[in-house]
Amino acid sequence: KAARFINAPKPESLVFVRNTTEAINLVAHGWARKHMKPGEEVLLTELEHHSNLVPWQLLARDRGVRLRQVPVDAEGRISVDVARRTITPKTRLFAFTAMSNALGTLSPVKELVEVAHQNGSLALVDGAQWVPHLKTDVQAWGCDFLVFSGHKMLGPTGVGFLYGKPELLESMDPFLG
């Protein structure tokens, strides 16, 4: 049912975790540490929650990956044009929020995923705020990863979700052993 809720192509593309933070860390540790090299970049935005910043800061510190941010406008919105100008050929992952937890601003998710893919980068969408309130369709968005938590939807604490394209999930190393 969770896979249908976000229109995932198959249930195997959804991993149950404890929360959004753990889902992001799973990608940072399981995918990025394995596939990213020193000098490559993770692109974030100035809207990111601490949970979508600290794992990438640790990756930068430990692996020499560079962090860059897409600035927001005066109203706290992300411009697709600014994102397009900020992403570089060294960007391997664009990790951004779909809805700001502080401002409530909505990101143009599909268009930002397209910016990532046109650059040859992967896109991770932090859907913690979006998923409980708005229709979510990972196939329409085309995102590579989506993270969200159950408690934001009045579910129990300690239940989170990582959607990933199956080939990416299969390429990841274990996070906890």
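In what follows, the structure referred to is the one given above.
First, a word on what this report is: a plain description of the structure on this page. Just so it is clear, the model here is predicted, and its values are computed rather than measured.

**Some points on the overall build of the protein**
Scanning the protein from terminus to terminus reveals 7 helices and 7 strands. When the helices and strands of the protein are placed in sequence order, the string is α-β-α-β-α-β-α-β-α-β-α-β-β-α. With respect to the three principal axes, the spread of C-alpha positions in the protein is 40 × 40 × 25 Å. Looking at the protein as a whole, 51% of its 177 residues are labelled buried. For the protein, the share of sequence-separated contacts (at least 6 apart) that also reach a separation of at least 24 residues comes to 68%. For the protein, the accessible area works out to roughly 8,500 Å², and carbon and sulfur atoms hold 53% of it.

**Regarding the packing of aromatic side chains**
Tallied over the full model, the rule gives 4 aromatic pairs. For the pair Trp 130 and Trp 141, a centre-to-centre distance of 5.3 Å together with 75° between the ring planes defines the contact as edge-to-face. Taken as a pair, Trp 130 in the loop between strand 5 (122–126) and helix 6 (138–141) and Trp 141 in helix 6 lie far apart in primary sequence, 11 residues in all. Using a relative accessible area of 11% as the deciding quantity, one classes Trp 130 as buried. With 4.7 Å between their ring centres and 20° between their planes, Phe 148 and Phe 161 make a pair best called stacked.

**Notes on the pairing of strand 3 (residues 66–70)**
Both strand 2 (residues 41–45) and strand 3 contribute to a ladder of 5 bridges, which runs parallel. When the sheet's bridge partners are listed, Val 42 is paired in strand 3 with Leu 67. Between strand 2 and its parallel partner strand 3, the chain crosses via helix 3 (residues 54–63), and the hand of that crossover is right-handed.

**Observations regarding the layout of surface pockets**
One number sums up the size of the largest pocket: a volume of about 180 Å³. Taken together, 16 residues make up the lining of the largest pocket; nearest its centre are Thr 20, His 49, Ala 128, Gln 129 and Lys 152. Here the residues of the lining of the largest pocket are counted per class, giving 3 nonpolar, 10 polar and 3 charged.

Parameters and conventions
Residues numbered from 1 in each chain as written. Predicted model: local features only at pLDDT ≥ 70, side-chain atom pairs only at ≥ 80, totals over all residues. Heavy atoms only, no water. Helix = DSSP H or I, 4+ residues; strand = E, 2+ residues; numbered from the N terminus. Buried < 20%, exposed > 50% of the residue type's maximum accessible area, 1.4 Å probe, protein only. Contact = heavy atoms within 4.5 Å. Areas by Shrake-Rupley, 256 points an atom, 1.4 Å probe, with all protein chains shown as cover. Phe/Tyr/Trp six-rings, centres within 6.5 Å; stacked < 30°, edge-to-face > 60°. Pairing = 2+ DSSP bridges. Right-handed = clockwise from strand over helix to strand, strands pointing away. 1 Å grid on protein atoms, 1.4 Å probe; cavity = no way out; pocket = protein on both sides within 12 Å on 5 of 7 lines; lining within 4 Å. Points joined across faces, edges and corners; volume = space filled by probe spheres on them. Nonpolar A, V, L, I, M, F, W, Y, C, P; charged D, E, K, R; others polar.

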